[in-house]
Amino acid sequence: MRSRNSAVSLQANDTDLQDTRLHIAAVFVLGLVVVIAARLFFLMILQHSFYTALAAGSHTLYAQLFPERGSIYVQDSRTGEEFPIALNQDVFTVFIDTRDITNEDEAEDVAEELAAVFEYDDEQKLDLFYRINGTDDPYEPVEKHVEETVVDSLKQKNLPGVGFVRQSIRYYPEGNLAAQTIGFVGKNEDGNDVGRYGVEGYWNEELAGSGGFLEASKGLAGGLIPLAGKSFKLAEDGSDILLTLDRTLQYKACERLREGMEEYKAKSASLVILDPHTGAIRAMCSLPDFDPNVYNEVEDINVYNNTTIFTPYEPGSIFKPLTMAAALSEEALTPDTYFFDSGSREAHCTKPIRNADGKVYKDQTMTGVLENSINTGMVFVVEELGKISFIQYLEKFGLGIKTGIRLGSETSGTIDRLYKNKDERVDCYTATASFGQGVTVTPLQMVSAFSSIANDGKMMKPFIIEEIREEDGKVIKTVPEVSEEIITSRAASLLSAMLVRVVDSGHAGHAAVSGYYVAGKTGTAQIAGRGGYTEDTNHSFIGFAPVDDPAFVMIVKFEKPERRFSASTAAPVFGDVAEFMLDYYQIAPAR
């Protein structure tokens with residue numbers, strides 16, 4: 001009986017042990033299935049893009065590791081149509097592997113065919129023949145930056161030894177158009193592409209995107225170990241940027257400016273067109289310019305600088321409306337306030353302040369002071385306004401600080417001389433500043449300040465970036481922003497009417513546009529040098545139209561033109577561009 005029980009007990013123990021083993025085996029198999037499933041999920045789902053790229057070949061994998069630089073667009077401000085002004089283009093290097101050319105006849109045929117395609121002369125064709133005949137060089141470059149259509153035609157010829165290497169380059173389809181505003185892509189110390197100047201430089205990080213990376217283990221044969229640890233991150237392409245620049249206005253305005261610079265033999269020229277109601281910049285010209293496709297071929301790298309934001313200058317008489325605006329806003333005077341001009345005025349300077357050419361205008365109103373551009377009259381205005389108020393208004397106009405346009409190389413002008421004498425009386429610095437001497441501005445600062453007159457006293461913050469379009473579809477749009485309400489609406493209205501008289505009856509007749517009320521002011525300013533002012537001058541004209549609802553504010557500036565006054569240089573260029581713009585925006589005549 002005891003023996004039988006022992007046998008039953010042993011049998012039960014064997015059964016339990018077998019069940020335990022089965023459980024362990026099941027758990028092991030289940031665990032293995034879970035591991036394999038997890039690994040397959042990781043490979044097929046989480047790293048699907050990597051293996052898809054790997055299966056497609058190294059070029060696709062390369063594309064997923066290296067980001068594509070974002071494009072830059074300009075627009076038609078009427079319709080919203082967009083045009084690329086900076087983008088990426090695939091080009092090819094054509095080369096010859098001379099090991100595939102077996103004899104002299106083949107070398108001659110290849111040289112003949114390539115010479116025909118690339119329009120070589122006899123000397124170039126002979127040089128190519130000598131380079132590819134009888135050598136074992138595996139890489140003999142023929143041409144760089146060859147377009148794909150040319151490569152396709154060469155492929156059809158099936159020439160022995162002829163090969164192609166694809167590369168992406170930055171391409172500017174509009175050439176010189178807005179060159180300094182756009183900038184270009186060059187190389188840094190490590191040989192990597194980097195944006196320089198303008199939008200390309202200031203927004204390089206956003207345009208460039210971020211690169212991906214791959215960390216993986218390799219076997220002895222050099223291939224990737226499929227189940228080994230791997231880290232893979234896709235590249236993030238750069239953002240696209242839409243500018244406020246109007247393609248047509250940019251072209252027309254800059255070409256008219258170029259004609260003027262050549263005709264007047266000026267050293268440089270600048271032009272800015274701004275929408276006073278939003279602050280959007282519609283044109284920005286800086287001459288001389290360059291072609292960013294061949295930026296390395298310029299003779300002087302200073303041409304890269306955008307003179308509209310980089311080069312401060314003493315503005316001269318175009319500054320007078322800002323002084324007058326402050327006085328009108330403070331109700332220190334009216335357009336009809338009387339002033340007698342004797343031709344000179346004491347202002348605590350080493351010598352009396354005089355008018356241009358020593359002229360004497362006698363009985364005048366404030367409108368007459370602007371019409372005739374009377375320096376002594378402006379000293380009277382700033383005396384009525386007061387030094388402290390004058391400085392406060394200049395600060396509100398944004399002078400002495402950068403506009404924040406978010407372009408590379410912006411500098412600020414200076415009004416520092418006004419702070420030197422802490423006495424509240426109108427000193428020499430204040431007196432000369434009233435008519436635009438002893439202070440400096442950039443053309444953008446000046447057109448921005450002037451926009452407050454055209455916009456009922458409110459100055460909009462200037463901007464040139466309409467939208468930033470990120471890779472994930474997010475769009476960052478610039479919202480127009482009131483920088484500050486500078487002068488009263490009444491003062492803006494009164495001054496606008498005074499500036500119409502300047503165009504109609506003053507020195508700025510060449511800025512007029514038939515059928516429209518145009519407001520504006522000329523400025524001819526001597527250029528300061530060592531020991532005093534030189535005989536060289538800067539010419540400017542600034543204005544807006546139509547006065548009842550301005551579509552634009554524009555400044556035109558020439559450096560050292562070979563004419564005496566801006567009335568015969570900057571004013572006619574302004575008039576021609578203004579006439580085109582009024583027609584372009586289909587604004588009906590109101591006069």
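What you see is a predicted model, and the numbers here were worked out from it, not measured in a lab.

Notes on the state of the cysteines
Counting across every chain of the model gives two disulfides. Here cysteine 254 is linked by a disulfide to cysteine 285, with a sulfur-sulfur distance of 2.1 Å. Between cysteine 254 and cysteine 285, the S-S dihedral sits near -90°, and the bridge is therefore left-handed. A residue pair is termed long-range when its members are at least 10 positions apart, and cysteine 254 in helix H10 (residues 247-264) and cysteine 285 in strand S11 (residues 281-287) qualify at 31 residues. Judged on exposure class, the residue cysteine 254 and its partner cysteine 285 are both buried. Here cysteine 349 pairs with cysteine 428 through a disulfide, and the sulfurs are 1.9 Å apart. On the S-S bond that ties cysteine 349 to cysteine 428, the torsion sits near 105°, and the link is right-handed. A residue pair is termed long-range when its members are at least 10 positions apart, and cysteine 349 in the loop between strand S13 (344-345) and strand S14 (353-354) and cysteine 428 in helix H16 (residues 428-433) qualify at 79 residues. Sequence-ordered numbering of the bonded cysteines in the chain gives a pairing of 1-2, 3-4.

A closer look at the side chain of serine 566
If you trace the backbone, serine 566 turns up in the loop between strand S22 (552-559) and helix H19 (570-584). The class for serine 566 is buried, based on a relative accessible area of 1%. Here serine 540 takes part through its backbone oxygen, which lies 3.4 Å from a polar atom of the side chain of serine 566.

So, the pattern of salt bridges
Inspection of every chain in the model, using the stated rule, returns 27 salt bridges. Connected via shared salt-bridge partners are Glu82, Glu466, Glu467, Arg469 and Lys477.

Section: the packing of aromatic side chains
With the rule as written, the count across this model stands at 17 aromatic pairs. Geometrically, the ring pair formed by phenylalanine 290 and tyrosine 304 is edge-to-face, given 5.1 Å between the ring centres and 70° between the ring planes. Taken together, the positions of phenylalanine 290 in the loop between S11 and helix H11 (307-310) and tyrosine 304 in the loop between S11 and H11 put the pair 14 residues apart, joining distant regions of the chain. Take phenylalanine 290 and tyrosine 304: they sit in the same class, and that class is buried. Between phenylalanine 541 and phenylalanine 574, the ring centres sit 4.6 Å apart and the planes meet at 55°, which makes this aromatic pair tilted. In this pair, phenylalanine 541 is assigned in strand S21 (residues 532-545) and phenylalanine 574 in helix H19, connecting sequence segments 33 residues apart. For the pair phenylalanine 541 and phenylalanine 574, one class covers both residues: buried. Three or more aromatic residues joined by ring pairs form one cluster here, namely Phe184, Tyr197, Phe290, Tyr295 and Tyr304. The ring of phenylalanine 83 carries arginine 247 above its face, with NZ or CZ at 4.5 Å from the centroid.

What counts, and at which threshold
Residues numbered from 1 in each chain as written. Predicted model: local features only at pLDDT ≥ 70, side-chain atom pairs only at ≥ 80, totals over all residues. Heavy atoms only, no water. Disulfide = S-S within 2.5 Å. Helix = DSSP H or I, 4+ residues; strand = E, 2+ residues; numbered from the N terminus. Buried < 20%, exposed > 50% of the residue type's maximum accessible area, 1.4 Å probe, protein only. Polar contact = N/O pair within 3.5 Å; in protein donor to acceptor, adjacent residues only side chain to side chain. Salt bridge = Lys/Arg side-chain N within 4 Å of Asp/Glu carboxyl O. Phe/Tyr/Trp six-rings, centres within 6.5 Å; stacked < 30°, edge-to-face > 60°. Lys NZ or Arg CZ within 6 Å of the ring centre and 35° of its normal.

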